[in-house]
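# Working through the structure, step by step
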Amino acid sequence: QNYLDNFWPDLKAAHELFDSILQAQHERESESQENNGKEYPEHLPVEILEAGIKSGRYIQGTLNVNKHRAQLEAFVRLQGFSSKETG
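Residues numbered from 1 in each chain as written. Predicted model: local features only at pLDDT ≥ 70, side-chain atom pairs only at ≥ 80, totals over all residues. Heavy atoms only, no water.

## Some thoughts on the overall build of the protein
- A count of helical and extended segments in the protein gives 3 helices and 2 strands.
- Secondary structure of the protein in N-to-C order comes out as α-α-α-β-β.
- Of all intrachain contacts in the protein linking residues separated by at least 6 positions in sequence, the fraction that spans at least 24 positions is 0%.
- When the accessible surface of the protein is totalled, it reaches about 8100 Å², and 53% of it is carbon and sulfur. (Helix = DSSP H or I, 4+ residues; strand = E, 2+ residues; numbered from the N terminus. Contact = heavy atoms within 4.5 Å. Areas by Shrake-Rupley, 256 points an atom, 1.4 Å probe, with all protein chains shown as cover.)

## A short note on the packing of aromatic side chains
- Enumeration according to the criterion identifies 1 aromatic pair in this entry.
- A centroid spacing of 5.2 Å and a plane angle of 40° characterise the contact between Tyr-3 and Phe-7, whose relative ring orientation is tilted. Residue Tyr-3 and its partner Phe-7 are located together in helix H1 (residues 2–7), separated by 4 residues, close to a single helical turn.
- Under the relative-accessibility criterion, Tyr-3 is labelled exposed at 52%. (Phe/Tyr/Trp six-rings, centres within 6.5 Å; stacked < 30°, edge-to-face > 60°. Buried < 20%, exposed > 50% of the residue type's maximum accessible area, 1.4 Å probe, protein only.)

## What about a nonpolar patch on the surface?
- The grouping of Tyr-3, Phe-7, Trp-8 and Leu-11 at the surface amounts to a nonpolar patch, some 480 Å² of accessible area in total.
- Examined against the element boundaries, Leu-11 turns out to sit in the loop between H1 and helix H2 (12–34). (Patch = residues over 30% accessible without salt bridge, like charges linked within 9 Å, V, L, I, M, F, W, Y side chains within 5 Å. Salt bridge = Lys/Arg side-chain N within 4 Å of Asp/Glu carboxyl O.)

## Structural notes on the confidence of the model for the protein
- For the protein, per-residue confidence averages 85 on the pLDDT scale, and 84% of positions sit at 70 or higher.
- The secondary structure element of the protein with the lowest average pLDDT is H2, at 88, and the one with the highest is H1, at 94. (pLDDT = per-residue confidence, 0-100.)

## Things to note about the environment of Gly-61
- Mapped onto the elements, Gly-61 comes out in strand S1 (residues 61–65).
- Counting along the chain gives 14 residues from Gly-61 to Phe-75, while the straight-line C-alpha distance between them is 9.8 Å.

## Some words on H2
- With 23 residues, H2 extends 33 Å between its outermost C-alpha atoms, agreeing within 8% with the 33 Å of an ideal straight helix rising 1.5 Å per residue.
- Remark: Asn-36 follows H2 within two positions and exhibits a positive phi of approximately 55°. (Expected span 1.5 Å × (residues − 1).)

Have a look at this one:
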């Protein structure tokens, strides 16, 4: 803000862009506070997930995503299985 005010006081588009970015940041922070610091809301409560894992209804694993082809390549490594048994 200081840089724009001091060096580009007449550049209206830059000031508008800065204000837009600042507003988006404030909205994201308020959403984060509403979700208790979590970036995304939970789909199911933790208790239901834990019960589902114990009963065998759900499985627990680690999602691995190819950082270069994230839209096309990903797999889940299941806990307790060898690397050859990933799905």
